[in-house]
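Overview (structure and organization)
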Amino acid sequence: MGIKILLQDLDQDIFSIEGYRAKGGYESVRKAFSMPQDDIIEEVKKSGLRGRGGASFPTGLKWSFLDRKSGKPRYYVCNADESEPGTFKDRFLMEKIPHRLIEGMIVSSYALGAHKSYIYIRGELMWIANRLKRAIAEAYRDGFLGQNILGSGYDLDLYVHPGAGAYICGEETALLESLEGKRGNPRMKPPFSATVGLYGCPTVVNNVESIASIPWIVMNGGDAYAQIGIGKSTGTKLISACGHINNPGTYEIDLGMTVEEFIYSDAYCGGIKDGKELKAVIPGGSSVPILPKSLILKTAAGEPRLMTYESLMEGGFETGSMLGSGGFIVMDETTCIVRNTWNFARFYHHESCGQCSPCREGTGWIEKVLHRIEHGHGQSKDIDLIVDIARKMEGKTICSFGDAAGWPVASAVRHFRDEFEAHVNQKGCPFSC
Amino acid sequence: MRPELLQTFDELVACYPEGKEKSAILPILHLVQKENDGYLSVAVMDEVAAYLKIQPIEVYEVATFYTMFKLKPTGKYVLEVCQTGPCCLVGADGIIAHLQNTLGIGMNETSADGLFTLRGVECLAACGTAPVMQVGDYYCENLTPATTDALLTEMRDGTFFARMERENGD
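All values derive from a computational prediction rather than experimental measurement. (Residues numbered from 1 in each chain as written. Chains lettered and ligands numbered in written order. Predicted model: local features only at pLDDT ≥ 70, side-chain atom pairs only at ≥ 80, totals over all residues. Heavy atoms only, no water.)

1. Concerning the sheet that holds strand β10 (residues 291–292) of chain A
Residue and element names in this part refer to chain A. Strand order across the open sheet formed by five strands is β8-β7-β11-β9-β10, with mixed pairing between neighbours. Bordering the open sheet on either side are β8 (249–254) and β10, each of which pairs with just one other strand. As paired strands, strand β9 (residues 278–282) and strand β11 (residues 327–332) are joined by four bridges and run antiparallel to one another. Pairing of L278 across the sheet is with D332, part of β11. Across the sheet, helix α5 (residues 89–96) lies against β7 (236–243) and β8, angled at about 110° from β7, the strand it touches most. (Pairing = 2+ DSSP bridges. Helix = DSSP H or I, 4+ residues; strand = E, 2+ residues; numbered from the N terminus. Contact = heavy atoms within 4.5 Å. Axes fitted to C-alpha atoms, helices over the stretch in contact; angles between N-to-C directions.)

2. Describing the domain arrangement of chain B
The assigned domain composition of chain B is domain 1 (3–65) and domain 2 (77–168). Just the C-alpha atoms count here: the centres of domain 1 of chain B and domain 2 of chain B sit 28 Å apart. (Domains from an automatic or database assignment.)

3. Looking at the interface of chain A and chain B
Taken together, the contacts link 58 residues of chain A with 43 residues of chain B. Of the roughly 3,900 Å² buried between chain A and chain B on both sides combined, carbon and sulfur atoms contribute 57%. A per-residue breakdown of the area chain A buries against chain B is headed by A:W127, A:A164 and A:R183, which together make up 16% of the total. In this structure, the connection of chain A to chain B is made through four salt bridges. A salt bridge links A:R346 to B:E122; its shortest N-O distance comes to 3.0 Å. Taken together, chain A and chain B are joined by 25 residue pairs in polar contact (both at pLDDT 80 or more). Listing elements by their share of the side of chain A that touches chain B, those giving two or more residues are β2 (116–121), α7 (126–141), β3 (157–162), α8 (172–179), β7, β11 and α15 (337–351) of chain A. Of the residues forming the side of chain A that touches chain B, the biggest block, eight residues, is contributed by α15(A). Looking at the side of chain A that touches chain B residue by residue, the classes come out as 25 nonpolar, 18 polar and 15 charged. (Buried area = accessible area lost by both parts, 1.4 Å probe. Salt bridge = Lys/Arg side-chain N within 4 Å of Asp/Glu carboxyl O. Polar contact = N/O pair within 3.5 Å; in protein donor to acceptor, adjacent residues only side chain to side chain. Nonpolar A, V, L, I, M, F, W, Y, C, P; charged D, E, K, R; others polar.)

4. Points about the environment of A:M35
All names here are of chain A. On the secondary structure map, M35 appears in the loop between α2 (27–33) and α3 (37–47). Classification of M35 by relative accessible area gives buried; the value is 15%. As a C-alpha pair, M35 and V330 span 295 residues in sequence and 44 Å in three-dimensional space. When near neighbours in sequence (up to four residues on either side) are disregarded, M35 contacts I40, E43, Y110 and V218. (Buried < 20%, exposed > 50% of the residue type's maximum accessible area, 1.4 Å probe, protein only.)

5. Focus: the side chain of A:E84
All names here are of chain A. Topologically, E84 is positioned in the loop between β1 (75–80) and α5. Lacking a salt bridge, the buried E84 has R122 as its closest oppositely charged neighbour, with an N-O distance of 9.8 Å. Only 2.5 Å separates the side chain of E84 from the side chain of Y167, close enough to count as a polar contact. Engagement of the side chain of E84 in a polar contact is seen with the backbone nitrogen of S286, the distance being 3.0 Å. (Lys, Arg positive; Asp, Glu negative; His and termini not counted.)

6. Description of the nonpolar core
If you look at the biggest cluster of nonpolar residues, it comprises 92 residues, and the most contacted ones within it are A:W63, B:L79 and B:M133. Contacts of A:W63, omitting those with residues within four sequence positions, involve A:I40, A:I41, A:V44, A:Y76, A:S108, A:A111, A:L112, A:V204, A:N206 and A:I214. A:F344, A:A345, A:L370 and B:L12 belong to the second largest nonpolar core, which has 85 residues in total. (Core = buried A, V, L, I, M, F, W, Y, C linked by side-chain atoms within 4.5 Å.)

7. Quick notes on the environment of A:G163
Assignment of secondary structure puts A:G163 in the loop between β3 and α8. Here the alpha-carbon distance between A:G163 and A:G302, two residues 139 residues apart in the chain, equals 44 Å.

Below is the structure:
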């Protein structure tokens, strides 16, 4: 078991601010105020922390892009719109340790010079939004929010803003549109949010888990954080594991553990449920390529696959996948890959914002064709047709939703073509579904 | 609108910078939907538009974009069962079938007694505690046919929300 940065003291009473502070909570706010803002940004850069929402862009670098010379107000926004199928780690963190996120919001807002910050949480998590609001009230009461925090002269107001049901609002610019009270349609980029973000002002948007990692980095230094993990996969990562496993749940791992250990160790997934065989894994949320057992446990070159950004990508789209959001979906031998792919295709069709034709139309056609394959009405040319549609969405839309909707389809056909063919040849689903 | 409700609107609007009142539209619509028997009628959307000093179409286009807003009357309890991949791996289809059989309704239908509306929704970020359904502000997780029946009984008895509020400190 490695070090715990995000879930440390989870077994203690750290839900209330008293309990959280008794374990050293909010100390990073005091320390941050003793540091020049540029030094904090430098420590985050040194840490190598990469955006934990799924895009894995270096957080410190993102911070350094913020336009601090425009003279406009700057905004700091937390992306708590966790909606990627298979992903429930941010929800777990906010539900159990709301103060970890609030502490991170304060330190990060200070480092970036924001005086109004927002936590955009998906509307379905209303009871967690309420927990956050109560925790924020505690932080105001103890002097960590409001005017002249801890006598530093720094002012910050922090608000919780609920969404209302839209996967696309997890996309940074769609989130900002939504926060402005509009439909969640992603914006054309450039300009990027760092210069033209919320209300046309410089804005940084970070994921819950990324923000919750900041207090530890401020307290212990970026170098200490970078010592955890392997190569450019530094620090710890929350992995939410689900599907056909014995121990579904949220785990904090040091980046670098083998996938095999993560799946089979009792400390994590605990192996496949009911003694069945592993068939396939989607390791980073539904948008990343699916891998069969042979390629998730070992790379095509025969190296053990590791839980790192680089190792999971090893082999590119031919034989690799991505760490993504850390939504780890495990499927046993009884799973029908066609049905599962059709299910996700329905999800993407439902969630497409409709702004770009390739995505709006493409997701609909993929769902329709997959439905007919699964239900025994497919033809063998349909298999190439869905791959062709997926390829024609890729890179041709305002945001990366088109790619995210296409990759699962293309990878499912690449690795499980025989199952698609069996559906066509047998005129129905060979599995009992 | 009730005066107390308008006061809450003022508090919500105060969370955003001056001139950016429209930002409060999602929190306000959540509130209004709850007050208006669980759905947004054209009349209440028009009232929200008037309050925010925006065109009614700006409210309609938002209300129709986000899936949590209902534009038609619903049953007292809207059972929103997650039907996305991870939930289906561990039995969501069976829970949906069980609810359909028990309540005698199909998807997007309301039971004759007006108590239950059944809907399929997309990933609720509860894949580790699947199958899951959302009812009002709360999640019911690790569903089995037996626990689902127990929840329906609580809803028929009118004790469901009181328990959820108590357990969540709301």
